[in-house]
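# A look at the structure
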Amino acid sequence: LKMSWFWFYLPLRLLMMACLCHSIKAPTTTSQQSFKTDLFNFYHSLILADGKETTIHLLKDIPKRYYFVLEEGRVLAPFTITVTPCDVPIEWSILMHKASASFLGKAAQGDHNTQEVSKSQKAPSMVSTIFNYKGNSVETYMGMSSHSALYMLEFLSTERDTHITVYLTTDTTSGHLYPELPMDPRIDVIGIGHTTVTLTWKHSPSVLQHRENIQYCLLLNEKHNYKSLCAAETAIRSSGMKLPPTLALSLSPYLLEPQQVMILSNSELSIINKVTSGEVRQICMGTKNAYTVPNLSPSTQYYFDVFVVNLLTNASAAYTGTFARTLEEPEPKVMELKDGKVIQVVLDGKKQKFYNLQYQARHRKIQFTFQSCHGQVRVHITKNGKTVASENISGLRYFSLKGKLLDIYLVQLRSTEEFNSSVKVQVSPHFHKPLFPLLPESLKIKSFSKLRTCNSVTIAWLGTQEESKYCVYKKRIEDDQVWMELQSADRCSGPGSRHKSEKVLCKYFYDINLQRAVTTETIKGLDAGTFYLFDVYLFGPSGIPVRYHSKVVKTRKKC
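Residues numbered from 1 in each chain as written. Predicted model: local features only at pLDDT ≥ 70, side-chain atom pairs only at ≥ 80, totals over all residues. Heavy atoms only, no water.

Looking at an unreviewed UniProt entry, one finds the chain named Protein NDNF, with Corythaixoides concolor as its source organism.

## Brief notes about the pairing of strand β33 (residues 518-523)
By the alternation rule, side chains of β33 split into Thr-519, Glu-521 and Ile-523, which are all buried, and Val-518, Thr-520 and Thr-522, of which none is buried. As defined by bridge partners, strand β30 (residues 457-462) adjoins β33 across six bridges and the pair is classed as antiparallel. Within β33, the position partnered with Leu-462 by the bridge is Val-518. (Buried < 20%, exposed > 50% of the residue type's maximum accessible area, 1.4 Å probe, protein only. Helix = DSSP H or I, 4+ residues; strand = E, 2+ residues; numbered from the N terminus. Pairing = 2+ DSSP bridges.)

## Some thoughts on the confidence of the model for the chain
Per-residue confidence for the chain averages 79 on the pLDDT scale, and 76% of its residues sit at or above 70. In this model residues 1-29 is a low-confidence stretch, pLDDT under 50, and it forms 43 contacts with partners more than four residues away in sequence or in other chains. Considering only residues more than four positions removed or in separate chains, one finds that residues 242-267, a stretch of pLDDT under 50, has 57 contacts. (pLDDT = per-residue confidence, 0-100. Contact = heavy atoms within 4.5 Å.)

## What about the pattern of salt bridges?
Applying the stated rule across the entire model yields 13 salt bridges. Between Asp-87 and Arg-160 there is a salt bridge whose closest N-O contact spans 3.0 Å. Here the residue Asp-87 occupies a position in the loop between β4 (76-85) and β5 (90-98), and Arg-160 occupies one in the loop between β8 (149-156) and β9 (162-169), the gap between them amounting to 73 residues. Among the ionic pairs, Glu-91 bridges to Lys-134, the shortest N-O distance being 3.8 Å. Taken as a pair, Glu-91 in strand β5 and Lys-134 in strand β6 (residues 126-135) lie far apart in primary sequence, 43 residues in all. A residue is classified by how much of its surface remains accessible, and Glu-91, at 28% relative accessible area, is partly exposed. Judged by its relative accessible area of 60%, Lys-134 falls in the exposed class. Overlapping salt bridges bring together Arg-498, Glu-502, Asp-535 and Arg-547 as one network. (Salt bridge = Lys/Arg side-chain N within 4 Å of Asp/Glu carboxyl O.)

## Description of the state of the cysteines
As enumerated under the stated definition, the model contains five disulfides in all. Across the disulfide from Cys-86 sits Cys-230; the S-S distance is 1.5 Å. In this pair, Cys-86 sits in the loop between β4 and β5 while Cys-230 sits in helix α6 (residues 229-238), placing the two residues 144 residues apart along the sequence. For the pair Cys-86 and Cys-230, one class covers both residues: buried. With cysteine numbering restricted to those in disulfides and following the sequence, the chain has the pairing 1-3, 2-4, 5-8, 6-10, 7-9. (Disulfide = S-S within 2.5 Å.)

## Overview of the packing of aromatic side chains
Evaluated as defined, the whole model comprises 21 aromatic pairs. Measuring from centroid to centroid gives 6.5 Å for Tyr-66 and Phe-155, while their planes differ by 70°, and the two rings are edge-to-face. You can see Tyr-66 sitting in strand β3 (residues 64-68) and its partner Phe-155 sitting in strand β8, a full 89 residues away along the chain. You'll find Tyr-66 and Phe-155 in the same group, each marked buried. Between Tyr-359 and Phe-368, the ring centres sit 6.3 Å apart and the planes meet at 85°, which makes this aromatic pair edge-to-face. The same class applies to Tyr-359 and to Phe-368, which are both buried. (Phe/Tyr/Trp six-rings, centres within 6.5 Å; stacked < 30°, edge-to-face > 60°.)

## Focus: the environment of Val-482
For Val-482, the position within the fold is in helix α8 (residues 482-487). The buried category is assigned to Val-482, whose relative accessible area is 18%. Sequence-wise, Val-482 and Lys-551 are 69 residues apart; in three dimensions their C-alpha atoms are separated by 9.8 Å. Non-local contacts of Val-482, meaning those with residues more than four positions away in its chain, are made with Ile-477, Phe-531 and Val-552.

## Thoughts on the sheet that holds strand β21 (residues 343-347)
With respect to topology, four strands assemble into an open sheet ordered β21-β28-β23-β26, the strand pairing being antiparallel. The strands lining the two open edges of the sheet, one partner per strand, are β21 and β26 (396-402). Across this sheet, the average inter-strand angle for adjacent strands is 25°, counted without regard to direction. Bridge count for strand β23 (residues 365-374) against β26 is seven bridges, and the pairing is antiparallel. Counterpart to Ile-366 in the pairing with β26 is Leu-401. (Axes fitted to C-alpha atoms, helices over the stretch in contact; angles between N-to-C directions.)

Structure, rendered in structure tokens:
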């Protein structure tokens, strides 16, 4: 095996060394001298693979060289070279060393006759730069290669360490590795809203020919456009995230990092990368050439890039990127609060928008009361523009505040859940007339497992030092309804929303000693092996009830 590799490289080494000897006397440029010097160290260099995309890592200010030659027997053939910078701009060039065909033929046959080499030194030879480029765009060179030419590709990064991809092919009959772009590769913005932007672009010819193997992927961010998918992925990694290669193309959920969120709906894959510089979203939508991007922030400039992707090879081509600024959000509607009046607000969990309430103080001391009916609610209160309270609430919460007459209070409410939440709000200067009854230390209902029977359940709950009315309700539920009943319970709804048959009893009690302010009830007439939902309602002087946390208990199956 070692001998076979030796005989594979020997003709090529002789070829280049002889080419170097031919051209020593001729005047050369700096690039040509570098090219010839490098030929002596050919065994340290790399041959560029034909028909395969190669990833090359570049160190700052250190050039890297690759070579390619035609297969034996091919006299003249077209070839293409595509270079994709994955980060900063680079410099790259193609140098050609051309020598006499008679010498190349002998060298390629492994003829080591020194007389032949000496004679061939008289044959003309030439080193020339046939292409050079500097920048960060994807660039393709198309040319004709002859059997009597050796090519060198030189790459250089002067800004920092980086990497690029290079694709060389001499086969123009088996189709394209990269999907084709249309004649007009621009992305058109056809609609702009407060939180949406609608885009459209012309179909790639590759989509029309190979629909099952091609798809479009959209990338959006708040910084700038990217000229390749490779550059976009590098930027995400440099922001502090480990991003798997060709993430948007592999469509593999298990590759996601903790900072990534994947959303799959209506055959569209959306991957959201939470990076320090903002949000980068990748959306693959099959072969649709129009898309409305949802859930954007108002009054924000976004940059949009579309890539047409070959799913078989993971190769991609970039459309010309565009940008758009979403519309400014209209001034939020503000509802005025009035002394002593209770309002109930429903908060949209999906949009996560603040609901605004305003109150102008007519007294120096005021009290805000909030009762979360369903889900957790974020409460933010400012006085004359300065924050005086901000926290998440679930249940009942009071805020007693002091200020001056005519102070302006702004209350902002937002759901912290993905579903809708609701909350009751009241502001009042009358501390001696509370809206809600005096509450016990805990609103939990306790059940006693040892006291359960096939047809009865014993529950207990805490009371207060103030005589109040307590009403107990029960509801028979199925095994698969337990979670839903507990999650959907409306803590603001009173007994008026319950069926009359669910009422068990009402009673009054209190105790000056809080340690003894506990009451129990045994509910009888139940069915064996059945789930029951129990609720206790507490009524205060104002008549507004407070609902204890619901309790589910199952009666014994056998007694």
